[in-house]
Amino acid sequence: MNRWQKNLQTCVTAPDELSPLFNLDTEDIAQVVKRYPMRITRYYLGLVERPGDAIWRQCIPDPLEFEDQAQMEDPLDEELLSPVPGLIHRYPDRVVWLVSSVCAVYCRFCMRKRRVGCTEATGTGTRQAALAYIANHPEIRDVILSGGDPLLLEDDALEEILSGLRRIPHVEIIRIGTRTTVTLPERITTGLCRMLKKFHPIYVNTHFNHPKEITAASARACARLADAGIPLGNQTVLLKGINDDPQVMKRLMQLLLKIRVKPYYLHQMDLVRGTAHFRTSIDRGLQIMEGLRGHTSGLASPYYAIDLEGGKGKVPLLPEYVRRDDDSLLIRSYRGEVVRYRDVEKS
């Protein structure tokens, strides 16, 4: 058994395990856990400095999760867009394949909160059906492995999936979405990276939400992947009281670049039941994007996007920098200055 697997066995899953660590009454937490399970690696819990901080709020159950019953469990219609169990075909040329049902940490804001800790539709029994569907649809050129967390599969199981995909000629790229770089960095072993190298082009999207998550251990994990020739991107979720501050977000994006991870998406919170207390306004997200553009490297500016209900797809959102005035554009600079730009086309 590898070290990362041993460490998974020591995860905090019962509320009473928190009591001696933080001297708190866990009765309310226990009620939440009956509906939405808890799992926290000792490593990630070690990043908590005090109850209620940015790490705490992402991983500790909160009774507020019961106060959002108006939203849907599956607002993106993933279940309706699954032609075979575990496979989501929303866009023409790509699919999301849910190859794992578990994560090292069960994030309280999870877009698949309805599935947390479930085991159906992700085991080996569904893999052949998913591979057959992909093989029979030549328009699919891009496969995203998700879950749960794909990297909680053992290397052999993951290699079997990757080998199956690489036998399909029209699959051009494979992407893996993982939060283990944040929550279980020891999972990124030299053996894993050596195996992944055999299946290029492979891309990995990480999920850092706060500067405190970027540690020496997480930096080493990302370095191993990058040294294996794997391009790294990051998808951050905009979370109220955690990273909805322009300075916090700017520092996160800067630190990501420092560890060779390119900011990719900043996601507006999905309208998922049990997560309303994390949701910010769209205006707040646009303000944060304005706090990045021009105030730090363009490399540090992700796309700010909403994933539309009903499986309609992601749409980027941009601050309003431009308005037309006759044959000119009035363009607002990052400093707030309005500059006239003549829109002239030579005939």
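Attention in this report is confined to the structure presented alongside it.

Cut-offs applied
- Residues numbered from 1 in each chain as written.
- Predicted model: local features only at pLDDT ≥ 70, side-chain atom pairs only at ≥ 80, totals over all residues.
- Heavy atoms only, no water.
- Helix = DSSP H or I, 4+ residues; strand = E, 2+ residues; numbered from the N terminus.
- Rg over C-alpha atoms; globule rule 2.2 N^0.38 Å.
- Buried < 20%, exposed > 50% of the residue type's maximum accessible area, 1.4 Å probe, protein only.
- Contact = heavy atoms within 4.5 Å.
- Areas by Shrake-Rupley, 256 points an atom, 1.4 Å probe, with all protein chains shown as cover.
- Lys, Arg positive; Asp, Glu negative; His and termini not counted.
- Charge placed at Lys NZ, Arg CZ, Asp CG, Glu CD.
- Pairing = 2+ DSSP bridges.
- Axes fitted to C-alpha atoms, helices over the stretch in contact; angles between N-to-C directions.
- Salt bridge = Lys/Arg side-chain N within 4 Å of Asp/Glu carboxyl O.
- Phe/Tyr/Trp six-rings, centres within 6.5 Å; stacked < 30°, edge-to-face > 60°.
- Core = buried A, V, L, I, M, F, W, Y, C linked by side-chain atoms within 4.5 Å.

### So, the overall build of the chain
- A count of helices and strands for the chain gives 12 helices and 12 strands.
- For 347 residues, the compact-globule estimate of 2.2 N^0.38 gives 20 Å, and the chain sits close to it at 21 Å.
- Projecting the C-alpha coordinates of the chain onto the three principal axes gives extents of approximately 70 × 55 × 40 Å.
- For the chain, with 347 residues in total, the buried portion stands at 51%.
- Expressed as a percentage of contacts within the chain between residues at least 6 apart in sequence, the contacts between residues at least 24 apart total 75%.
- As displayed, the chain has an accessible area near 16200 Å², and 51% of this comes from carbon and sulfur atoms.
- Charged side chains in the chain number 47 positive and 44 negative. The centres of these two groups are separated by 6 Å.

### Quick look at the side chain of His277
- Mapping His277 onto the fold places it in the loop between β7 (262-267) and α12 (282-292).
- Aside from chain neighbours lying at most four places away, what touches His277 is Arg57, Asp62, Leu64, Glu65 and Lys240.

### Quick word on the sheet that holds strand β10 (residues 322-325)
- Across the sheet, three strands lie side by side as β10-β11-β12; this open sheet has antiparallel pairing. In this open sheet, the two strands that pair with only one neighbour each are β10 and β12 (338-342). Taking each pair of neighbouring strands and ignoring which way they run, the sheet shows an average axis angle of 30°.
- Where β10 meets strand β11 (residues 328-332), four bridges bridge the pair, whose relative direction is antiparallel. Counterpart to Arg324 in the pairing with β11 is Leu329.

### Overview of the pattern of salt bridges
- In the structure shown here, the tally under the stated rule is 24 salt bridges.
- One salt bridge connects Arg324 with Asp343, and the closest N-O pair in it is separated by 2.8 Å. Within this pair, whereas Arg324 is found in strand β10, its partner Asp343 is found in the segment after β12, the two being separated by 19 residues in sequence.
- Among the charged side chains, a salt-bridge network with shared partners connects Asp74, Glu78, Glu79, Arg112 and Arg114.

### Topic: the packing of aromatic side chains
- Evaluation of the coordinates by the stated rule reveals five aromatic pairs.
- With a centroid separation of 5.9 Å and an interplanar angle of 80°, the aromatic rings of Phe109 and Phe278 are classed as edge-to-face. Of the two residues, Phe109 sits in the loop between β2 (94-98) and α6 (124-135) while Phe278 sits in the loop between β7 and α12, which places them 169 residues apart along the sequence.
- Overall, Phe109 belongs to the buried group, its relative accessible area being 5%.
- With a centroid separation of 6.1 Å and an interplanar angle of 55°, the aromatic rings of Tyr265 and Tyr303 are classed as tilted. Of this pair, Tyr265 sits in strand β7 while Tyr303 sits in strand β8 (residues 303-308), and the two are 38 residues apart along the sequence.
- You can call Tyr265 buried: its relative accessible area is 16%.

### Here we look at the pairing of β2
- Alignment of strand β1 (residues 87-91) against β2, held across three bridges, turns out to be antiparallel. Bridge pairing in β2 places Ile88 opposite Val96.
- Taken together, β1 and the strand that follows it, β2, pair antiparallel across an intervening segment of two residues.

### What about the nonpolar core?
- Grouped together as the largest cluster of nonpolar side chains are 72 residues, with contacts concentrated most on Trp97, Ile134, Leu145 and Leu196.
- Discounting chain neighbours no more than four positions away, the residues touching Ile134 are Leu87, Val95, Trp97, Ile140, Val143, Leu165, Ile168, His170 and Val171.
- Ala54, Cys107, Phe109 and Ile242 belong to the second-largest nonpolar core, a separate cluster that totals eight residues.

Take it as geometry only, folks, not as evidence of what the structure does.
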